[in-house]
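Structural overview
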Amino acid sequence: MKLKGWGGYPELDVNVSNPNLITQIQEQIKQKNNLIARGNGRSYGDSSISKANTISMLNFDKILSFDKETGELVAESGVLLKNIIEKYLSAGWFPYVSPGSKLVTVGGMVAADVHGKNHHKDGSFGRYVNWIDLICLDGNIKRCSRDENSDLFNWTIGGMGLTGVIIKISMNLRKVETSWIKKKTLIADNLNDAIEIFEKNMECTYTVAWIDSLKEGSSKGRSLIFLGEHAKIEDLKQTNLEPFPKAKNKIRKIIPFYFPKWILSKMVVKIFNTLFFFINKIKKKETLVSYENFFYPLDSIVGWNKIYGKKGFVQFQCVIPINNSRIGLEEILECLYKSGSGSFLSVLKRFGKDQTNISFPMEGYTLALDFPLNNKNLNLLDELDRITVKYGGRFYLA
């Protein structure tokens, strides 16, 4: 069958299996065919695709236990983050680390060692994993933790599924008083201002920036920096807001068809960036927003990847180490401006120190950029790769 990642590129002919028993996975592993486990397919490219055998883990979707005293949750690897949040947030529990979509599996979160808007303070997802049950190359199941099979544990977190098939996970959730986020918007006129704001707000739990990728001169890298904290009961006293409002059946926005390629032309992206920047500049700077609005705005738009057209899109994400962040990001932005290929979604975050074997994050700044698929942008990605390597950076394999 045809299979592709969320970006829609590449699309490959693959063999897909949908086991619902662990013994079926063990048997396939023993056959030594070149397989990889796949969650909900939300990584952008082909990192969870094997032409020989892609094993869907979506049948392994059970939450096995939850300790309401400690926040420890045990789940099969195919459980969606969405289901965990919907079940436990109303009881005051939320993930310590979340990527930009809740439509991912916890197995995928381990494999990619996902990061969120709070890496500078709380690290990546693997820090909150207690143990993993892994089917290894010989077909046997090993429990891996920091104390048991520790090398295998460390290489599995961020190992992109290459150490074996993750079947079960123990992870910790964070205690929260409400489901609301106190959001604050700060304006940065250029990249230097943006970095200065990040550095001054290292104690804030969540920090993330939208960055204008098509500005030059003194406005190069102008940004909107969004700060967030989990709201407490005290923060709701002057409002009519419930701490954990019941989920409503919202009318979700749907992209019913693929957009024409001119929608993301340089001129359209420049107009969008200008409007987005100035609308947020004049809006109220401090407000209470829902957790969905803050963490998962794109999840409310069904099929948002169709905006990039039938050919799909590619996401480039790098991290530049802290000592080279300014100069490296400046060069990337200069490269984008000269190419004319502005990114519709451009996200800048600050990473903190994290002691992991193979994971993407390092202390520094990470920039994520989305581009419609075409030869011009593929050539641009080669140049962005070169700049990243030049300054000692890394790429995100998911």
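We now turn to the structure provided with this report.

One recurring pattern in soluble globular proteins: nonpolar side chains tend to sit buried together. With 44 residues, the main nonpolar core has Ile 84, Phe 94, Val 110, Phe 125, Met 171 and Phe 295 as its most contacted residues. Listing elements by their share of this core, those giving two or more residues are strand 7 (72-76), helix 2 (81-88), strand 8 (93-95), helix 3 (106-112), strand 9 (129-135), strand 11 (165-175) and helix 8 (291-295). In contact with Met 171, not counting residues within four places along its chain, are Gly 71, Glu 72, Leu 73, Ile 84, Val 106, Phe 125, Tyr 128, Val 129 and Asn 130. Ile 211, Ile 320, Leu 329 and Ile 332 belong to the second-largest nonpolar core, a separate cluster that totals 31 residues.

As a further point, take the pattern of salt bridges. In a structure, side chains of opposite charge can pair up when their charged atoms sit close to one another. All chains considered together, the criterion is met by 21 salt bridges. Lys 2 serves as the salt-bridge partner of Asp 13, at 3.3 Å between the closest nitrogen and oxygen. Here Asp 13 is found in strand 2 (residues 12-13), whereas its partner Lys 2 is found in strand 1 (residues 2-3), with eleven residues between them in sequence. We classify Lys 2 as partly exposed; its relative accessible area is 48%. The shortest N-O distance in the salt bridge between Arg 350 and Glu 363 comes to 3.6 Å.

Gaps left between atoms are located by rolling a probe of water-molecule size over the structure's atoms. What the rule picks out here adds up to one cavity of 30 Å³ or more. Its volume calculated, the largest cavity comes out at about 30 Å³. Forming the walls of the largest cavity are Phe 94, Pro 95, Tyr 96, Val 97, Ser 98, Gly 116, Lys 117, Asn 118, Tyr 206 and Phe 295. Here the lining of the largest cavity is composed, by residue class, of six nonpolar, three polar and one charged.

Turning our attention to the side chain of Arg 350. Structurally, Arg 350 can be placed in strand 19 (residues 346-351). Excluding anything up to four places from it in sequence, Arg 350 contacts His 119, His 120, Phe 198, Glu 199, Met 202, Ile 322, Glu 363, Gly 364 and Tyr 365.

What counts as what
Sequence order as written defines the numbering, with residues in each chain counted from 1. Only residues with pLDDT of at least 70 are given local features in this predicted model, and only at 80 or more are side-chain atom pairs given and counted; all residues enter the totals for whole chains, interfaces and linings. Derived side-chain values reflect all non-hydrogen atoms in the structure, with water molecules and hydrogen atoms excluded from consideration. Residue types Ala, Val, Leu, Ile, Met, Phe, Trp, Tyr and Cys, when buried and joined through side-chain atoms within 4.5 Å, form a set referred to as a nonpolar core. Burial status follows relative accessibility: with a 1.4 Å probe on protein chains alone, a residue under 20% of its type maximum counts as buried, one over 50% as exposed, and anything between as partly exposed. By the criteria applied, helices consist of DSSP H or I runs no shorter than four residues and strands consist of E runs no shorter than two, each listed in order from the N terminus. Residue contacts are defined here by distance: any two heavy atoms, one from each residue, within 4.5 Å place the two residues in contact. What makes a salt bridge here is a side-chain nitrogen of Lys or Arg within 4 Å of a carboxyl oxygen of Asp or Glu, nothing more. Only protein atoms enter the calculation, which uses a 1 Å grid: trapped sets of points that fit a 1.4 Å probe without letting it out are cavities, open sets showing protein on both sides within 12 Å along at least five of seven lines are pockets, and any residue with an atom within 4 Å of a point is a lining residue. Grid points are joined across faces, edges and corners, and a volume is the space filled by probe spheres set on the points. Only Asp, Glu, Lys and Arg are considered charged in this grouping, and only Ala, Val, Leu, Ile, Met, Phe, Trp, Tyr, Cys and Pro are considered nonpolar; every other residue, Gly among them, is considered polar.

All we've got here are geometric facts, nothing functional implied.
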